Amino acid sequence: MTTITVCTTCRTAEERGDRTLPPSGEAFLAALEAASGDGIAVRGTACLMGCEHGCNVAISAHGKLTYVLGHFSGSAEDASAVSAFAAGHAESGTGQVPFRQWPQGVKGHFVARVPPLD
Ligand code: FES
């Protein structure tokens, strides 16, 4: 099953400058849970070690490519785009999503693509 792992402690650039603001990662988790349909799992975790380009998510599944994406604000629009990309990942045998299927909202947000373990 494709899983979206979202960093719940991520802060946007603005929030990193004002630590009294709550991290957007918590709201991003809730938005992703609301946006993701059956067949996509969503979980939160503290810090994916990409703090300087939060908000961050990883999209992964056993035997498939893992994608790490960042520079999100944690909005409902971001969640919709990430969820749509995750749906493409779930439909793909390898996890690779053809560029023509990428939601506009994920373009420019890719941080890493990691091959599956043998
Ligand atoms: S706080 Fe989100 S990656 Fe570190």
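For the structure given in this document, a descriptive report is provided here. (Residues numbered from 1 in each chain as written. Predicted model: local features only at pLDDT ≥ 70, side-chain atom pairs only at ≥ 80, totals over all residues.)

**Here we look at the overall build of the chain**
Thinking step 1. A count of helical and extended segments in the chain gives three helices and five strands.
Thinking step 2. A compact globule built from 118 residues would reach a C-alpha radius of gyration of about 13 Å, and the chain, at 13 Å, matches this within 12%.
Thinking step 3. In terms of its C-alpha atoms, the chain occupies a principal-axis envelope of roughly 45 × 25 × 25 Å.
Thinking step 4. Look at the contacts in the chain between residues 6 or more apart in sequence, and 69% of them connect residues 24 or more apart. (Helix = DSSP H or I, 4+ residues; strand = E, 2+ residues; numbered from the N terminus. Rg over C-alpha atoms; globule rule 2.2 N^0.38 Å. Contact = placed C-beta atoms within 7 Å.)

**Notes on helix α2 (residues 24-35)**
Thinking step 1. For α2, spanning 12 residues, the distance from its first C-alpha to its last is 16 Å, which sits close to the expected 16 Å at 1.5 Å a residue.
Thinking step 2. Residues Ser24, Gly25, Phe28, Leu29, Ala31, Leu32 and Ala35 constitute the buried set of α2.
Thinking step 3. Considering only its buried residues, α2 is in contact with β1 (2-7), α1 (13-16), β2 (40-45) and α3 (76-91). (Expected span 1.5 Å × (residues − 1). Buried ≥ 20, exposed ≤ 12 C-beta atoms within 10 Å, placed from the backbone.)

**Structural notes on unusual backbone geometry**
Thinking step 1. In this structure, Cys55 follows Gly54 across a cis peptide bond, with omega equal to 5°.
Thinking step 2. One non-glycine residue with positive phi stands out, namely Cys47, at about 60°.
Thinking step 3. By the element assignment, Cys47 lies in the loop between β2 and β3 (57-60).
Thinking step 4. What makes Cys47 partly exposed here is the crowd of 13 C-beta atoms within 10 Å.
Thinking step 5. Of note, the phi angle at Met49 is positive, near 65°, even though the residue is not glycine.
Thinking step 6. Along the chain, Met49 turns up in the loop between β2 and β3.
Thinking step 7. Overall, Met49 belongs to the exposed group, with 7 C-beta atoms counted inside 10 Å.

**Observations regarding the environment of Gly63**
Thinking step 1. Topologically, Gly63 is positioned in the loop between β3 and β4 (66-69).
Thinking step 2. Look at Gly63 and you get exposed, because 11 C-beta atoms sit within 10 Å.
Thinking step 3. Residues Gly63 and Ser73 lie 10 residues apart in sequence; the distance between their C-alpha atoms is 29 Å.

**Some details on the environment of Phe72**
Thinking step 1. Looking at where Phe72 falls in the secondary structure, it is placed in the loop between β4 and α3.
Thinking step 2. For the pair formed by Phe72 and Asp38, sequence separation is 34 residues and the distance between their alpha carbons is 23 Å.

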